[in-house]
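In case you want the letters, here they are:
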Amino acid sequence: MVRRTASSGSDSARVCNLVQGDGPGVGVPLAGHPDVDMISFTGSTCAGIDIARNAAPTVTTTRVTQELGGKSPNIVLDDEAFAENVGKGVATMMGNSGQTYSAPSRMRVPAARMDEAIVIARGTASGITVGDPQGRLREGTGGLGAQFERIQALIRKGIDEGATLVAGGPGRPDGLERGYYVKPTVFARVTNDMTVAREEIFGPVVTILGYDSVDHAVEIANDTECGLAGFVAGPDLEKARAVARRIRAGRVAISDALDFGCLFGGPKKSGNGREWGEFGFHEYLETNDTPYTPEAASSG
């Protein structure tokens, strides 16, 4: 989508133009065109790299901001709300069929409570109904054919690499022989070197990793190429904030609290620039040091 400001005295034509097409046919020419002032892209890290590369020769004429992939950690603290927060973490991950870049896909739980977490996660995932998203069901399809096959391959990879399959698994849910539906899947006893712990699956798949201490949990949380978001779950607000401050991510939610007025975006391979809030507006502005005068304002 290309946005332009309508010229003085004109109608609203050209305020918003939609150009449909694929990446090579439309995306590449737009990214490298000197008349494009800015590109705001949301998508995969690979596509974001290509856009930045194609826009680079224009240097100053095309600004690029990107909201790319995520592999967000969810640190569940060891407290009286542990069971509730494990269940909430799994349920949140399954929303939108797991196709949310900031989804809490990497859950961390105290290693001593791993067995308890497994029981809770299995019960939550098993209670999610999959089907036609128009019927108020929790989870719809897992994308189109290529994405569906990628999710299936990563689920099988998790099994092959030794993660404990708690719920779900390869194949379609029972009763759904057609369509690209994915079983709500949970892996436990995952280690951070496993593929399912490192690659963004972009599907309804939760990985549960154990930690020995809060320091260990933070270390694992930051051991990722992404930094779009993070989550800390616990009723003690000051304790949760202390942990959240140590996570390197563009936004860290505490006990699912979310303010759409706050900025959104992350460091590392999660992109550059920010969306939402005041900082989101700044990305679309070009600073001008021309002195302000009433005459200039009236003539504009």
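For the structure itself, consult the block above.
The rules behind the values
Residues numbered from 1 in each chain as written. Predicted model: local features only at pLDDT ≥ 70, side-chain atom pairs only at ≥ 80, totals over all residues. Heavy atoms only, no water. Pairing = 2+ DSSP bridges. Helix = DSSP H or I, 4+ residues; strand = E, 2+ residues; numbered from the N terminus. Contact = heavy atoms within 4.5 Å. Axes fitted to C-alpha atoms, helices over the stretch in contact; angles between N-to-C directions. Core = buried A, V, L, I, M, F, W, Y, C linked by side-chain atoms within 4.5 Å. Buried < 20%, exposed > 50% of the residue type's maximum accessible area, 1.4 Å probe, protein only. 1 Å grid on protein atoms, 1.4 Å probe; cavity = no way out; pocket = protein on both sides within 12 Å on 5 of 7 lines; lining within 4 Å. Points joined across faces, edges and corners; volume = space filled by probe spheres on them. Nonpolar A, V, L, I, M, F, W, Y, C, P; charged D, E, K, R; others polar. Patch = residues over 30% accessible without salt bridge, like charges linked within 9 Å, V, L, I, M, F, W, Y side chains within 5 Å. Areas by Shrake-Rupley, 256 points an atom, 1.4 Å probe, with all protein chains shown as cover. Salt bridge = Lys/Arg side-chain N within 4 Å of Asp/Glu carboxyl O. Expected span 1.5 Å × (residues − 1).

## A closer look at the sheet that holds strand β3 (residues 38-42)
- Ordered by their spatial adjacency, 3 strands build an open sheet running β3-β4-β12, and the pairing between neighbours is mixed. A strand with exactly one partner marks an edge of an open sheet, and here the two such strands are β3 and β12 (271-272).
- Both β3 and strand β4 (residues 63-67) contribute to a ladder of 5 bridges, which runs parallel. Across the sheet, Ile39 pairs through a bridge with Val64, a residue of β4.
- Contacts from helix α2 (residues 45-55) reach β3 and β4 within the one sheet, and its direction differs from that of β4 by about 175°.

## Looking at the nonpolar core
- Val86, Val90, Met107, Val109, Val186, Val206 and Ile208 are the most contacted members of the largest nonpolar core, which totals 22 residues.
- Of all the secondary structure elements, the ones that give two or more residues to this core are α3 (82-94), β6 (106-110), α4 (114-126), β7 (164-167), β8 (185-188) and β9 (205-211).
- Counting residues per element, this core draws most heavily on α4, at 6 residues.
- Excluding residues within four positions of it along the chain, Val86 makes contact with Val76, Met107, Val109, Ala117, Ile120 and Ala121.
- By size, the runner-up hydrophobic cluster in this structure holds 15 residues, among which are Leu154, Ala163, Met194 and Ile220.

## Here's the deal with empty space enclosed by the protein
- Considering all chains together, one arrives at 4 cavities of 30 Å³ or more under this definition.
- Reported here for the largest cavity is a volume of approximately 90 Å³.
- Along the walls of the largest cavity sit Asn74, Asn85, Lys88, Gly89, Pro104, Phe231, Val232, Ala233, Ser255 and Asp256, which together make up its complete lining.
- Broken down by secondary-structure element, the contributors of at least two residues to the lining of the largest cavity are α3 and β10 (230-233).
- Residues belonging to the lining of the largest cavity are distributed by class as follows: 4 nonpolar, 4 polar and 2 charged.
- Its volume calculated, the second largest cavity comes out at about 70 Å³.
- Along the wall of the second largest cavity there are 13 residues; nearest its centre are Gly70, Met93, Ser105, Glu200 and Phe202.
- For the lining of the second largest cavity, the residue count by class is 6 nonpolar, 5 polar and 2 charged.

## What about a nonpolar patch on the surface?
- On the surface, Leu258, Phe260 and Trp276 cluster together into a nonpolar patch covering about 310 Å² of accessible area.
- With respect to the helices and strands, Leu258 occurs in the loop between β11 (252-254) and β12.

## What to know about the environment of Cys46
- Relative to the helices and strands, Cys46 is located in helix α2.
- On the basis of relative accessibility, which here comes to 60%, the residue Cys46 falls in the exposed class.
- The spacing of Cys46 and Leu68 is 22 residues in sequence and 8.7 Å in space, taken between C-alpha atoms.

## As for α4
- Helix length check: α4 (13 residues) gives 18 Å between terminal C-alpha atoms against 18 Å at 1.5 Å per residue, within 8%.
- Along α4, the residues that are buried comprise Met114, Ala117, Ile118, Ile120, Ala121, Thr124 and Ala125.

## Digging into the sheet that holds strand β5 (residues 73-76)
- What the 7 strands build is an open sheet, ordered β7-β8-β9-β6-β5-β10-β11; its pairing is mixed. Among the strands making up the open sheet, the edge pair consists of β7 and β11. Shown here is a sheet whose adjacent strand axes are inclined to one another by a mean of 25°, direction ignored.
- By the bridge criterion, 3 bridges tie β10 to β11 in an arrangement that is parallel.

## As for the layout of surface pockets
- In this model, the second largest pocket occupies a volume close to 430 Å³.
- In this structure, the second largest pocket is lined by 15 residues; those nearest its centre are Thr45, Glu199, Glu200, Glu225 and Cys226.
- Among the residues forming the lining of the second largest pocket, the class breakdown is 5 nonpolar, 4 polar and 6 charged.

## Notes on unusual backbone geometry
- Unlike most non-glycine residues, Ser97 shows phi in positive territory, near 55°.
- Checked against the element boundaries, Ser97 lands in the loop between α3 and β6.
- Phi at Arg189 is positive, roughly 50°, even though this residue is not glycine.
- Mapping Arg189 onto the fold places it in the loop between β8 and α6 (195-198).
- Residue Arg189 is classed as partly exposed on the basis of its relative accessible area, which comes to 41%.

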